[in-house]
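As a plain string of letters, each chain reads:
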Amino acid sequence: MSSSAIDMNRNVVVMAKQYDKTLITIHNRVLLDVLRELEIPLRSDCGGIGVCGKCKVLITGGNSTQPTSSERKLLSYKELSEGYRLACQVRLIEGEFEVSVPPESTLQRYKSADTGFERPVPLLPAIKKIFVTLPRASLNDTRADFERIVDTVKDFINSNDIDIDIDDIRKIPETIRNSDWKVTIVAWYDKRIIDVEAGDTRDSAYGLAIDIGTSKIVVHLIDLTNGSTIAIDSTPNPQASYGADIISRLTYALKDDENLRRLQEVVIKAVNVVIDRILSRANVLKDRVYEAVVVGNTVMHHLFLGIQPKYLGYSPYVPTIARALSIRAKDLGISIHRSGTIYVLPVIAGYVGSDALADALAIDIENCEAPCMLIDIGTNSEILLNSGKEIIACSTPAGPAFEGFGTAFGTRAVSGAIDQVFIYFDSSIQDFVVRYHTIGGEKPVGLCGSAFIDATAHLYRLNIINNRGRFLKGIKSKRIVEINNTPSFILAWSNETKIGKDISIDAKDINEILLAKAAIAAGIRILAKSANIDLTDIKKIYIAGSFGTYMNVENAVTIGLLPSIDTKKVEFVGNIAIGGAKMCLKNTEIRRKAEELARRIKYIELSTYPSFNKIFMESILLPQITSRNQESSLQNGG
Ligand code: FES
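Given the structure is predicted, the values throughout are model-derived calculations rather than measurements. (Residues numbered from 1 in each chain as written. Predicted model: local features only at pLDDT ≥ 70, side-chain atom pairs only at ≥ 80, totals over all residues.)

1. Looking at the overall build of the protein
Along its length, the protein carries 17 helices and 29 strands. What you see for the protein is a C-alpha radius of gyration of 28 Å, in line with the 26 Å of a compact globule of 638 residues. In the protein, which comprises 638 residues, the share counted as buried stands at 45%. Within the protein, contacts between residues at least 6 apart in sequence are counted, and of these 69% link residues at least 24 apart. (Helix = DSSP H or I, 4+ residues; strand = E, 2+ residues; numbered from the N terminus. Rg over C-alpha atoms; globule rule 2.2 N^0.38 Å. Buried ≥ 20, exposed ≤ 12 C-beta atoms within 10 Å, placed from the backbone. Contact = placed C-beta atoms within 7 Å.)

See below:
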């Protein structure tokens, strides 16, 4: 592979075996650029200027440039002697290089908020397809058509109490005779025959996993003959025009039943639009989609089912129904097979929905190395803890700050949103320098939640704000200004932005971020306290949901959003609610386990927890930074 490929002009070979990727390229390129070209998920928090130390990689072979002063500052002597380098500093002169990326340098991201980590499960769907040749009716065999079918499939399904809808009965006589008595029987569990299809259609059976999020509806189309995902699609939840968060939608719904009907109608319509789109793209007939599994938070669950969520808004916040439901698709108006079923996973509590249960299934929380924790960060954040003895859960209203609302330049994670910020002091200009990254590489339009976390963490590390988030007086910088009498720090100058004005973070924004992170941090602390475990003993924290797509773990720890644990213990798992829904679609045994798990999870209501206010107030403060070493390494960009 290598020697034959080397020539005078392209005399560098870079192999990243762990990603099964190789590139033959010209000499003297910066390794970071080569790894970017190879699409290796390598961190480069400072954008490649040699001040963060996060692009550390292990290099063997080849001739490369000597370590720079940045590398000598940011890497230990031992690391350098073992072959560790900073990818943004090293240039490749010639030869074959093997590069490996240590876990701490790996960019943990799910590119799309529509997918996440998935656990493979054996295929055991609720849908069975049985191809049979029916005995023909004759004067010697005058059984009714349906009895003939039931008798013929009795070896495959327990057909004693099997049921069938009247619409499907009406189709039977012509179907069986037109297909020369060769038909495929489609059964849902052993309970219902949902279709009698002409000929052998066993190779065509589909199901849908649907995650109804407050802001987005995600649909995956699954081939039930082999478990593969055929297509993925999503759409914004149109209920957003009746309120951005669950409380405002709940408030709208409880005013009268017409409002509730409208909220249900718009979500069902949106689900059907996505289903139509996904099926036409995948060239699948809706009559071959026999089942859908639906997850969502408890308010979304109630609104989808047309259940008045009113009492979720009042203490003690109980749902109308928590257990799993199997509903005829036609009763909900969902556009799949006319006799298809919608299986709705159980909810755990008023503010811990079936999406959190699906998250727990997807990471197999019951069997994780305990204690382990799952956090789904959103306007309403759900936290689950397996202490080793029990699984407990709570929900905490983090508010919309992380989703871009309630802050001066906040935005959702849209194209042009700044999603990463890195601030350092450059002694050569005696001022702070900001490096940022925008989604899609567009000119900045605003800041999304992860950028607020980064900026707050850096301002705190650089002693620009104190542990209450207040700007310290007397710091000289062109970036520190008063806007509307509020101290602000300019992150992007107007001539760099798409909106034509400076993008900044101000003291009020920082306050919103501190309140949001305090809600989550208090939930984490209370769960640990309830389970009698020390947060430092936690073996793993899974961050679910789209927010984790952009969040920097170290910065989340610096501001106290996450507990002070080894950041290697934190894993982003993406939208795993849809993964949990898919597991339940593919395997009915998992479905049964989900129902059991929902009953076992103990819910803790934070609003009535005795020391909640005290813990919440304590959690607003930024935690003490134990080591300022990291900061000294951030001084002076070179
Ligand atoms: S990207 Fe190399 S040190 Fe920051």
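So, next bit.
2. Topic: the sheet that holds strand E23 (residues 446-447)
Strand order in the open sheet formed by three strands is E22-E21-E23, with mixed pairing between adjacent strands. Each edge of the open sheet carries a strand with a single partner, namely strand E22 (431-438) and E23. In this sheet, E23 lies alongside strand E21 (residues 417-426) in parallel orientation, the contact comprising two bridges. Bridging across to E23, Ala417 finds its partner in Gly446. Against the sheet, helix H11 (residues 449-461) contacts E21 and E23, and its axis sits at roughly 15° relative to E21. (Pairing = 2+ DSSP bridges. Axes fitted to C-alpha atoms, helices over the stretch in contact; angles between N-to-C directions.)

3. A closer look at the pairing of strand E28 (residues 570-574)
Burial of E28 is extensive: four of the five residues sit out of reach of the surface. Sheet analysis places strand E27 (residues 540-544) next to E28, joined by four bridges and oriented parallel. The residue of E28 that forms the bridge with Ile541 is Val570.

4. A short note on helix H15 (residues 588-600)
For H15, built from 13 residues, the straight-helix expectation of 18 Å at 1.5 Å per residue is met to within 8% by its first-to-last C-alpha distance of 19 Å. Every buried residue belonging to H15 is among Ile590, Arg591, Ala594 and Ala598, and all of these are buried. For H15, the angular spread of buried residues about the axis comes to 105°, placing them on one side. Pointing more than 90 degrees away from the buried face of H15 are the exposed residues Glu589, Arg592, Glu596, Arg599 and Arg600. (Expected span 1.5 Å × (residues − 1). Arc of directions from axis to C-beta.)

5. Observations regarding the sheet that holds strand E20 (residues 391-397)
What the six strands build is an open sheet, ordered E28-E27-E18-E19-E20-E29; its pairing is mixed. A strand with exactly one partner marks an edge of an open sheet, and here the two such strands are E28 and strand E29 (602-603). Here strand E18 (residues 372-376) pairs with E27 via five bridges, running parallel. Across the sheet, Ile375 pairs through a bridge with Ile543, a residue of E27.

6. Overview of the nonpolar core
By size, the foremost hydrophobic cluster in this structure holds 158 residues, and its most contacted members are Ile210, Leu384, Ile543 and Ala581. Here this core gets 13 residues from one element, more than from any other, and that element is helix H12 (residues 507-530). Setting aside anything within four residues of it in sequence, one finds Ile210 in contact with Ile217, Val219, Val271, Ala292, Val294 and Ala581. Counting 22 residues, the second-largest nonpolar core is a separate cluster that includes Val13, Val14, Leu35 and Phe97. (Core = buried A, V, L, I, M, F, W, Y, C linked by C-beta atoms within 7 Å.)

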